[in-house]
Each structure stands twice: as C-alpha cells, then as structure tokens.
Amino acid sequence: RFLQNIIQHPTFIVGDYSTTFIDDNQELFDFLPPRNRGNKVLKYLANVTINGFPGVDKDKQPQFAKREVPTLPGRPQRIHRESRNKQGNPWSAKYETDIDRTFKHILDQDGPDAVVKAVLSEQNVLLTDTTMRDAHQSVLTTRLRTIDMTTIAPFINETMRDYFSLEMWGGATFDVAYNFLRESPWHRLQELRKLIPDIPFQMLLRASNAVGYTNYADNVVQNFIKVSAQEGIDVFRIFDSLNWIESLKLPIDTALETGKLVEGTICYTGDILNPERSKVYTLDYYVKMARELESLGVHLLGIKDMSGILKPEAAHQLISALKDEVSIPIHLHSHDTASNAIQTYSRAIDAGVDIVDTANAALSGQNAQPDGNALFYARQGTDRQVNVNVKANDVMENYWKVTRSYYKPFESDLTTTWTKVYDYEMPGGQYSNLAMQAQSVGLGERYSEVLDMYHRVNLLFGDIVKVTPSSKVVGDMALFMVQNDLDEESVYTEGQHLSFPDSVVSFFKGDIGQPAGGMNERLRDVVLKDLAYYTDRPGNHIEPYDFEAKDDEFRDLIYKDIDQTSRLSYAMYPKVFKDYLSFVEDFGDVSIIETPAFFYGLEVNEPLVVELEPGKTLLVELTSIGPVKSDGHRTVYFKLNGLPETVEIMDLN
Ligand code: 3PY
Ligand code: ZN
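Reading the values: the criteria
- By convention here, each chain's residues receive numbers from 1 onward along its written sequence.
- Each chain is given a letter, starting from A, and each ligand a number, starting from 1, according to the order in which they appear as written.
- Side-chain atom pairs in this predicted model are given and counted only at pLDDT of 80 or more, local residue features only at pLDDT of at least 70, and totals for whole chains, interfaces and linings cover all residues.
- The basis for the side-chain values is all heavy atoms of the structure; hydrogens and waters are excluded.
- Helix and strand definitions follow DSSP, with helices as H or I runs of at least four residues and strands as E runs of at least two, each counted in order from the N terminus.
- With C-alpha atoms as the basis for the radius of gyration, the globule rule is written as 2.2 Å multiplied by the number of residues raised to the power 0.38.
- Here's how the labels work: a residue is buried when its accessible area is under 20% of the maximum for its type, exposed when over 50%, partly exposed in between, all with a 1.4 Å probe on protein chains only.
- In what follows, residue pairs with any heavy atoms lying within 4.5 Å of each other are defined as contacts.
- In this description, accessible areas are obtained by the Shrake-Rupley approach with a 1.4 Å probe, and a residue is regarded as covered only by the protein chains that are shown.
- In this charge count, Lys and Arg are treated as positive and Asp and Glu as negative; neither His nor the chain ends contribute.
- Charge positions are represented by NZ for Lys, CZ for Arg, CG for Asp and CD for Glu.
- Pairing between two strands is assigned when DSSP locates at least 2 bridges connecting them.
- Structural elements are reduced to axes, namely lines fitted to C-alpha atoms, with helices fitted over the stretch in contact, and the angle between N-to-C directions of any two is expressed from 0 to 180 degrees.
- The rule for donors is simple: N, O or S, within 2.8 Å of the metal, or within 3.2 Å if the metal is Na, K or Ca. Water isn't counted, so a site may look like it is missing partners.
- An angle below 35 degrees is treated as roughly parallel, one above 145 as roughly antiparallel, one from 65 to 115 as roughly perpendicular, and anything else as oblique.
- Charged means Asp, Glu, Lys or Arg here, nonpolar means Ala, Val, Leu, Ile, Met, Phe, Trp, Tyr, Cys or Pro, and polar covers whatever is left, Gly included.
- For this analysis, a nonpolar core means a set of buried residues of the types Ala, Val, Leu, Ile, Met, Phe, Trp, Tyr and Cys, connected via side-chain atoms within 4.5 Å.
- Nearness here has a simple test: a residue counts as near a molecule or strand if at least one of its heavy atoms is within 4 Å of that partner.
- Here a polar contact is recorded for every N or O atom pair within 3.5 Å, except that within protein the pair must consist of a potential hydrogen donor and a potential acceptor, and residues adjacent in sequence are included only if both atoms are side-chain atoms.
- In this analysis, rings of Phe, Tyr and Trp, with Trp reduced to its six-membered ring, are considered paired at centre separations within 6.5 Å, and the interplanar angle assigns stacked below 30 degrees, edge-to-face beyond 60, and tilted for intermediate values.
- Put simply, a charge is over a ring when the Lys NZ or the Arg CZ is close to the ring centre, within 6 Å, and near the line of the ring normal, within 35 degrees.
- Given the number of residues in a helix, its expected span is that number minus one, multiplied by 1.5 Å.
- When the strands point away from the viewer, a crossover counts as right-handed if the path from the first strand over the helix to the second runs clockwise.

Colleague: Before we move on, could you go through the overall build of the protein chain and cite the residues and values that matter?
Modeller: A tally of helices and strands in the protein chain yields 29 helices and 12 strands. In terms of C-alpha radius of gyration, the protein chain reaches 26 Å, essentially the compact-globule figure of 26 Å for 653 residues. On the principal axes, the C-alpha backbone points of the protein chain span a range of 70 × 70 × 60 Å. The buried share among the 653 residues of the protein chain stands at 58%. For the protein chain, the proportion of contacts with a sequence separation of at least 24, taken over those separated by at least 6, is 72%. When the accessible surface of the protein chain is totalled, it reaches about 26500 Å², and 49% of it is carbon and sulfur. In the protein chain, the 65 positive side-chain charges and the 94 negative ones have mean positions that sit 3 Å from each other.

Colleague: Got a sec to walk through the pairing of strand β2 (residues 165-170)? Specific residues and values, please.
Modeller: With respect to burial, β2 is a largely interior element, 6 of its 6 residues being buried. Where strand β1 (residues 126-129) lies against β2, 2 bridges are found, and the strand directions are parallel. Bridge pairing in β2 links Asp129 to Leu166.

Colleague: Could you give an account of the sheet that holds strand β9 (residues 607-613), naming the residues involved and the relevant values?
Modeller: With respect to topology, 4 strands assemble into an open sheet ordered β9-β10-β11-β12, the strand pairing being antiparallel. A single partner strand is all that each edge strand has here, and the edge strands are β9 and β12 (643-650). Sheet twist, expressed as the mean angle between neighbouring strand axes with direction ignored, is 35°. Here β9 pairs with strand β10 (residues 616-625) via 6 bridges, running antiparallel. In the sheet register, Glu611 faces β10, and the bridge partner there is Thr617. Against the sheet, helix α4 (residues 37-51) makes contact with β9, β10, β11 (633-640) and β12, and its axis sits at roughly 50° relative to β12, the strand it touches most.

Colleague: Can you explain the coordination of the zinc ion (ligand 2)? Please cite residues and give values.
Modeller: Within the protein, the atoms that donate to the zinc ion (ligand 2) are Asp134 (OD), His333 (NE2) and His335 (NE2), at distances of 2.0 to 2.1 Å. Each donor residue of the zinc ion (ligand 2) lies on one chain, and together they are spaced D-x198-H-x1-H. As far as the burial class goes, His333 and His335 line up, both buried.

Colleague: How would you sum up the packing of helix α11 (residues 185-195) against helix α12 (residues 218-231)? Please name residues and give values.
Modeller: For the pair α11 and α12, the least separation of the axes is 10 Å and the interaxial angle reads 30°. Regarding the angle of α11 to α12, the classification is roughly parallel. Of α12, the residues touching α11 (which contributes Trp186, Leu189, Gln190 and Arg193) are Phe224, Val227, Ser228 and Glu231. When the residues that make up the contact of α11 with α12 are grouped by side-chain class, the tally is 4 nonpolar, 2 polar and 2 charged.

Colleague: Pulling in residues and values, what's your account of unusual backbone geometry?
Modeller: With omega at 5°, the peptide bond leading from Thr468 into Pro469 counts as cis. Checked against the element boundaries, Pro469 lands in the loop between α21 (447-460) and α22 (470-483). One non-glycine residue with positive phi stands out, namely Ser339, at about 65°. Along the chain, the position of Ser339 falls in the loop between β7 (330-333) and α16 (341-350). Located in the positive-phi region is Asn605, a residue other than glycine, with phi close to 70°. By the element assignment, Asn605 lies in the loop between α29 (595-600) and β9.

Colleague: I'd like to hear about the nonpolar core, residue by residue, with values.
Modeller: Among the nonpolar cores identified, the biggest contains 190 residues, and Phe224, Phe461 and Met477 are the most heavily contacted of them. Apart from the residues lying within four places of it in its own chain, the contact partners of Phe224 are Trp169, Phe174, Trp186, Met203, Leu205, Ala210, Val211, Leu568 and Met572.

Colleague: Which residues make up the site of ligand 1, and what values do they have?
Modeller: Taken together, Arg133, Gln137, Gly171, Ala172, Leu204, Arg206, Phe239, Lys304, Met306, Val467 and Thr468 make up all the residues around ligand 1. Here an oxygen atom of ligand 1 and a side-chain polar atom of Gln137 are 2.8 Å apart. The protein chains hide 95% of the 230 Å² of surface that ligand 1 would expose on its own.

Colleague: Please set out the packing of aromatic side chains residue by residue, giving values where relevant.
Modeller: Both the distance between ring centres and the angle between the ring planes are used here to describe each pair of aromatic rings. This structure, assessed with the given rule, holds 40 aromatic pairs. Centre to centre, the rings of Trp169 and Phe174 are 5.7 Å apart; their planes meet at 85°, and the pair counts as edge-to-face. An aromatic cluster of three or more residues is present, and its members are Tyr44, Phe53, Phe64, Tyr406, Tyr407, Phe410, Phe583, Phe587, Phe598, Phe599 and Tyr600. A cation over an aromatic ring shows up here: Arg145 above the ring of Phe598, its NZ or CZ 3.8 Å from the ring centre.

Colleague: Talk me through α21; I want residue IDs and the actual numbers.
Modeller: Residue pairs three or four apart in sequence face the same way in an α-helix, which turns once every 3.6 residues. When the terminal C-alpha atoms of α21 are compared, their 19 Å separation across 14 residues agrees well with the 20 Å that a helix rising 1.5 Å per residue should span. Buried within α21 we find Tyr447, Val450, Leu451, Met453, Tyr454, Val457, Asn458 and Leu460. Structurally, α21 contributes buried residues whose contacts are with α19 (421-424), α20 (430-440), α22, α23 (490-493) and α25 (521-528).

Colleague: I'd like to hear about the pairing of β7, residue by residue, with values.
Modeller: Every second residue of β7 is oriented toward a common face, with Ile330 and Leu332 on one face and His331 and His333 on the other, all of them buried. The pairing of strand β6 (residues 300-304) with β7 spans 4 bridges and is parallel. From the neighbouring strand, Ile303 faces β7, where its bridge partner is Leu332. For the segment spanning β6, helix α15 (residues 312-325) and β7, crossover handedness is right-handed. Handedness of the β7-α16-strand β8 (residues 355-358) crossover: right-handed.

Colleague: Go over the sheet that holds β1, please, and point to the residues and values.
Modeller: Pairing is parallel in the closed barrel, where 8 strands are placed in the order β1-β2-β3-β4-β5-β6-β7-β8. Shown here is a sheet whose adjacent strand axes are inclined to one another by a mean of 30°, direction ignored. This element, α15, spans β6 and β7 of the sheet and lies at about 160° to β6.

Okay, structure coming up:
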C-alpha cells in the first residue's frame with residue numbers, strides 16, 4: 001500500500017520529486033483502511049432494513065411501479081439551430097432534438113459572448129430545466145439522489161439539446177447531498193458532466209454565502225467558484241439574499257474570470273402593480289439594479305421570483321421595462337405555487353424575455369417550476385414558441401413519475417394551489433422546511449399563526465428580500481415571536497430581556513449584508529444589546545481561510561489524496577463533511593445503491609444488483625434476519641454473489 005500511495009501521489013505523477021520526496025510527504029504513510037466494498041454495502045443494507053432511514057417509516061415499505069429507463073434508437077441527423085421551424089419541433093418521432101450545435105458547444109468553442117449573441121438571435125423562447133435542482137428542492141425537500149439522475153442522463157443529453165441549460169447544482173443540493181443522502185455533490189457534478197457533455201450546466205450561487213447559509217471568507221468563495229467551473233459548471237446564477245450589489249461584486253468578478261457564463265440575478269419581491277405595497281421594490285428599483293448588474297459585465301440578467309409572486313401583468317411590465325433598459329438576455333425563474341406561473345411566463349414571453357425556467361411534468365407545479373410542455377401548449381398559435389421536445393419530455397415523465405414515488409416520505413405538503421403566497425412571500429422550498437421547524441419546537445398546531453407572523457416579521461424588519469439565507473432569518477424570528485407571544489409592540493419592551501435566535505442576531509450585526517430599505521434600527525438595538533454591528537461587506541470582516549494550515553487537520557480525516565473539491569467542502573461545512581466521511585468509513589459509497597433499497601432496505605429473498613463500477617457488479621440477497629440478542633444486535637444473513645455472508649447490526653428500535 002505504501003507503493004500505491006507513492007504512485008498515486010500528485011507530485012510523483014507529475015514527476016516533480018527529488019530524493020527528499022518521502023521525507024517531505026509523510027502522508028505517504030497514511031494507508032487506506034482495508035476496503036471491502038461488498039461488505040460495506042451489506043452493512044448499509046442490513047442497517048437500513050433493521051433501523052430504517054431518517055424520515056422514512058420503515059414499516060410501510062411501498063410497492064413501486066416498474067421504472068422504464070428510456071433509451072435512444074440512435075443519433076439522429078442534425079440540422080442547424082438557425083433553420084429550425086419557428087414553432088419548435090414537438091413531435092420528433094425519435095425523441096431527439098435536431099440541434100447539431102448546442103449552447104454548450106458554442107460556449108466551449110467560442111466563449112460566453114457568442115452564447116449571448118446566439119440567445120439574442122433566437123426567435124423562440126429558450127428553456128432552462130430545473131428538474132435536477134430547484135424542482136426537487138421544492139417538492140421533494142431536495143432529496144433526489146445522483147443515481148436517479150445519472151440513469152436518465154444519456155437520454156437527457158440527446159433530447160434536451162435545444163435547452164439553454166440544465167440547472168442541476170447549487171442552492172440547497174450541496175449540503176443536503178452530504179447531510180442526508182450521504183453522497184458527494186462533487187461526484188454528482190462529475191458524473192453528470194461525463195454523461196451530459198452537450199448541454200450547459202447551471203448552478204445557483206448565493207453570492208458570498210456560496211452554497212451555504214452564512215458568509216464565507218472571500219478566498220473560499222473565489223476558490224469555490226473556480227473549482228466549480230473546472231468541474232463542469234457553465235452558467236453561474238448569482239444572487240444575493242438582500243439584493244445587495246456590494247455583496248454580488250466579488251463572486252461576479254470571480255465567475256467572469258472563469259470564462260463561463262455569469263447571470264447577475266435580481267430577487268423579485270413585493271408587487272410592482274401595487275405602489276401601496278412597498279415604497280422600496282418599485283419598477284425603478286428593479287431597473288436600477290438591472291443596470292448596475294449589467295455594468296458589472298454579467299452576460300445574462302436573471303430575475304429570480306423565488307416565491308412565485310410575480311403576477312402575469314407585473315411580469316409583462318417588468319420585462320418590457322428591462323428589455324428597454326438592458327441589452328443582455330433576460331432569464332426568468334418563477335415558482336408555480338399560486339398556479340399562475342405559465343401565465344406569468346407567457347406574458348413575460350410576449351414582453352420579450354429570452355429564457356424561462358421549467359421542469360419535467362412529473363416534478364413540476366406546486367411550489368416548483370411549471371412544466372415545459374404545458375408552456376409549449378400555452379404558446380401554440382403565438383409567434384414565440386418554446387424550444388422543447390414535447391414527446392421526449394413525455395417519455396421522461398414516465399421515468400420521473402416512478403422515480404418520484406421512491407421519495408414519497410419527503411414530499412412537500414403543499415400539494416394544492418396556494419395563493420396566500422402573494423401575502424406571505426415565502427420561497428418555494430421554505431414552506432415545508434418551516435413547517436418541520438415549527439413542529440420540532442412544538443408549534444406544529446399553530447403553523448398558520450407562524451405563517452401569518454412570517455409576513456408580520458417581514459414588515460417589522462422593514463420589508464426585506466426573503467430568500468436563503470434571509471428567508472431563514474424571517475422564519476426563525478417568526479417562530480421566536482409566536483413561541484414567546486410577542487407582537488410588534490412587545491418585541492421592543494420584552495425583547496430587552498430575551499436572547500434572539502442566532503440567525504436574527506447575525507442579520508442585525510450585518511453578517512448577511514444590508515437590506516435595500518435599511519435596518520430597523522430600534523429593533524437592532526433590542527436584538528444586539530451590547531454587540532457591535534457593521535454596514536460594510538461581511539467579507540471585510542472575515543480572515544482569509546488558511547487552506548494550507550487546514551490541510552494538516554484534514555489529512556487526519558481522510559485516507560486519500562486531499563483534492564480541491566473535498567478541501568472546499570471541509571472549508572464550508574466542516575462538521576457536515578466530517579460526519580459524511582465517517583459515514584463513508586462505516587458504510588462505503590452508498591450512492592451506488594438503488595433508491596428503493598437505499599431508503600427502505602430489502603425484503604427477505606429480494607435480490608438487488610449493485611454496480612460497484614462499470615463491469616463490476618454485486619448480486620445481493622437478504623436471506624434472513626436473526627432475533628435480537630442479549631447485547632441488542634441481530635445477525636443479518638445475506639448471499640453475496642451466491643456466497644453466504646453475515647452482518648451484525650445493533651437493533652436501535
Ligand atoms: C436556494 O438558495 O437554495 C434557493 O433555491 C433560493 O430560492
Ligand atoms: Zn427557485
């Protein structure tokens with residue numbers, strides 16, 4: 001193993017070593033623990049079968065319909081994008097779209113400005129598909145696993161070639177992958193990149209909060225963006241949770257240096273149709289911010305309607321005004337929470353929007369994005385159709401529908417139209433998260449009060465943009481107010497003696513930036529008490545992260561070369577990442593286990609094929625489960641590739 005460590009060492013690989021190589025690289029003596037991937041898979045399956053998966057009722061193992069994985073009859077003849085029928089190509093018999101040069105090819109070959117030009121010259125409206133990011137973040141609490149994406153990825157690569165991009169990374173998917181799914185988000189990006197080489201990959205970046213909930217040191221944010229670009233991200237949609245330009249500059253500049261596409265993004269809040277609603281978030285406010293973003297050199301302007309509150313007529317007015325004021329393409333993102341997103345998109349398309357975000361039917365609607373096919377039908381007969389392959393999306397719907405059924409325990413309970421969102425202004429993914437938080441602090445029964453308080457807290461804070469992480473601050477404060485029976489008056493008096501939630505203290509300190517309408521200073525004094533606050537960029541107050549020094553600490557945790565991706569995960573999520581590593585040490589790489597077995601375990605005599613790597617498969621069969629012994633363990637009996645194996649598992653029931 002020592003020899004193996006030497007030949008795998010990066011310095012050795014590039015040939016840049018001298019006689020002191022071994023003395024200088026003590027990590028060569030860190031040996032891999034003996035790997036027995038098969039046994040680790042059995043240990044995971046035994047554990048999940050006996051003890052269940054967090055959040056899943058193990059006694060209710062559902063029956064699933066058979067999932068058909070769509071396949072392709074072969075590569076079709078391609079024609080040029082420019083000669084496409086203006087009405088799109090919805091009925092291609094073979095499912096494939098007929099684009100020979102995708103936006104990915106244009107980006108890689110000619111750079112981001114060429115993509116901008118190509119987008120602007122499209123007659124039709126372009127789509128970004130959010131199925132693998134925001135859609136499941138919204139309707140399945142972010143639980144969609146990599147294996148369910150990679151299984152259909154080759155079909156996606158062939159049939160979604162005329163999409164502008166696939167949003168498949170960032171936002172909450174990063175920490176949820178480690179924390180709940182016990183898989184690496186970087187691995188997801190790398191695997192999908194291999195299988196989908198022809199369509200741009202888009203990620204959602206929370207400015208200096210990157211893919212976290214707090215501000216990181218500037219060098220962490222910069223490094224994260226560079227590495228994400230190297231690993232395969234093509235489009236960076238960058239927003240700030242308070243629409244604060246100061247905090248957008250550094251991530252935008254860094255992303256521009258990568259040579260990829262940068263989408264400077266405005267979060268939509270308030271209601272431009274109702275001047276009484278807000279003195280801050282007016283049409284002029286949005287136009288001014290759009291101009292500022294354009295002057296930073298971004299390639300695209302994103303309008304992020306994270307709560308789905310951009311009304312159709314407001315969309316028409318907003319996009320019309322922005323089209324007059326900026327020359328870069330405009331990309332609109334909305335949520336279907338109030339069931340009006342298709343109408344909103346349609347009015348935005350009439351006003352000239354260039355790209356809109358949709359999802360596959362099976363994961364669309366509710367608090368996620370609307371269905372791309374629905375938009376196609378909504379646009380029939382108009383002079384701006386959607387570039388979408390209706391038939392291929394229908395085929396994928398069958399796949400995603402069965403896949404979604406695997407995740408039933410994680411379904412959002414927002415299953416019907418929710419027009420109250422126009423008042424509450426709550427982002428797509430927050431409704432069910434806040435409900436869970438309310439439950440955990442004993443306010444489950446009083447959730448409607450919490451929702452009402454969310455709205456009141458927003459006004460108390462001076463009407464702020466609510467999107468991760470500012471939305472979490474408002475949610476935490478709403479819970480706190482209900483829990484302590486506070487209202488808009490008593491919070492100032494009784495609040496003197498209370499300690500407020502960490503996120504609220506942090507917000508008033510200035511840690512996530514400054515809101516457009518200013519801070520409620522009276523409340524700030526009550527919340528902060530003797531703590532100091534600041535109003536400049538949070539990054540100015542955070543020491544650069546010492547990657548080199550952390551490497552030593554890190555080396556003790558990980559039995560392989562420290563690569564740049566794990567180094568970043570450790571920098572942003574030290575505890576989550578450590579937990580993930582220790583899980584992997586126990587159970588191995590569980591991302592290779594199919595989802596039904598991963599969540600629900602195995603039935604006796606149920607065979608399961610696990611692909612360790614291409615061409616190397618395990619055939620697993622659970623043969624029986626022994627009784628609980630005096631020490632609390634059970635023996636679980638398997639056949640592994642036909643040979644008997646046993647695993648001892650503590651029964652935690
Ligand atoms: C995220 O930041 O994860 C979001 O989806 C915000 O809307
Ligand atoms: Zn969203």
